[in-house]
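# Structural overview
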Amino acid sequence: MAEKYIIRVTAGSDYDLDRHVVVPVNSHEPVKISSHLVDADLNVRIQNYHGLPRNSPNTSPYFSLEPHATNKDQYSIAIRFTPKKPASNSNSKTPPADPSKSSSPESSDEQSDEEPSSGISGADLQFGNDFDHPIRDRLPPGFSYAMNIVKWWIDPGLDGDAYADRPHLYGPALSSFNAIHVGPGEHDPEKGGLYFNEGGDEDGQKERQAIGAPETAKDRMKWALKPASKDRWVFQYDKTYCLDFFNPYLDFNEFSLRLPGFTLPIMKYWDGQSLRSKPKRSHTLRYVLRNRATDETYLVVSFMLYLKEDVNEDGSLKPAALSATNEDKETAKEAGKVPAETEGVSKDEYYQEARKRFEKLGVNEGTGSQEADDDGVD
């Protein structure tokens, strides 16, 4: 089934796909995302990539560096972001019942939902996946077992409800990201773009030491599981932080989840694909950086699958794919994640912008029909 699809990655500050930009995967040039809440730079790298835009590099120098070479990491979501202080607390979206609070032990009386005036509490900045529709009837056999492996081996802080009407799996960013660097980090084309190790610049190191944050990533992730540790860490407004999420478990080339002692083919379950009476023509896996206390989003990265027959040779979407994307947007509206009325923006404009980025790098567009047929997810 995987050979019928091709992947495209988009990103924006919220769930509205009309506001997203196409991410040039494996390019060293970061995509810039800005809103009234955040300024962010983003690099997405995928090993053995055969998706859109056409003729994207199939790898990045990033994967040849340590620890990624030894880990055999398959993908990376690298974010450099500067949170902004909200203009008014009255503008914050605070729903009566955030599902990520009700299902998490962090929602105990010991913790306050009030944001510190200086920034975002380490208890409230979350990273993870969510969906706009139920997937409980489409989860594969062994899903609960796979989740236990994920929580035990990969991210003990992960929490949520995959069986809810609007499923979500979020973890505190402080324990979920593999590397956190306090400061602007490094941008180096020879390393694949945004690149940073655990730690910080001189001031950032002092701040970490002052709150007792460990120096190594492994120890920091363990330390961050404690409520008191999350309360001490504050992502300060107008200060820059670098986050890198990577692992060897999700293979975007074969669309499979490879866990220790367990491999789960996910193609037919991607976005609840299995058991549909009328298969969708597009499917989305979303990674979200959000605020648990206010329910506001800072960054949404969407990995979208389209049937190859619905994509033109130049990589733009045919009407069938655009229609499928609009269906996803309507579902997001129904879930309350996208305003009912937004100003429409042509997705082709975003695609052309991504093409310009690659032209600057000297990457040529394919012209032959056979080359177009060979592109995609193998």
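Placed above this text is the structure.
Throughout what follows, the structure given in this document is the object of discussion. (Residues numbered from 1 in each chain as written. Predicted model: local features only at pLDDT ≥ 70, side-chain atom pairs only at ≥ 80, totals over all residues. Heavy atoms only, no water.)

A large share of strand E15 (residues 241–247) lies buried, amounting to seven of its seven residues. Burial of the side chains of E15 extends over both faces: Tyr241, Leu243, Phe245 and Asn247 are buried on one face and Cys242, Asp244 and Phe246 on the other. Both strand E5 (residues 75–83) and E15 contribute to a ladder of seven bridges, which runs antiparallel. Residue pairing for E15: Ala78 is matched across the bridge by Asp244. Summarising the sheet, strand E10 (residues 179–182) and E15 pair through four bridges and their orientation is antiparallel. By the bridge assignment, Ile180 is partnered in E15 with Leu243. (Buried < 20%, exposed > 50% of the residue type's maximum accessible area, 1.4 Å probe, protein only. Helix = DSSP H or I, 4+ residues; strand = E, 2+ residues; numbered from the N terminus. Pairing = 2+ DSSP bridges.)

As enumerated under the stated definition, the model contains 13 salt bridges in all. Measuring nitrogen to oxygen at the nearest pair gives 2.8 Å for the salt bridge that ties Arg292 to Asp124. Highlighted residues: Arg292 in the loop between strand E19 (282–291) and strand E20 (297–307) and Asp124 in the loop between strand E6 (119–121) and strand E7 (125–130), separated in sequence by 168 residues. Using a relative accessible area of 1% as the deciding quantity, one classes Arg292 as buried. The buried category is assigned to Asp124, whose relative accessible area is 1%. Across the pair Asp295 and Arg290 runs a salt bridge, and its minimum N-O distance is 2.2 Å. Put simply, Asp14, Asp16 and Arg19 are held in one network by salt bridges that share partners. (Salt bridge = Lys/Arg side-chain N within 4 Å of Asp/Glu carboxyl O.)

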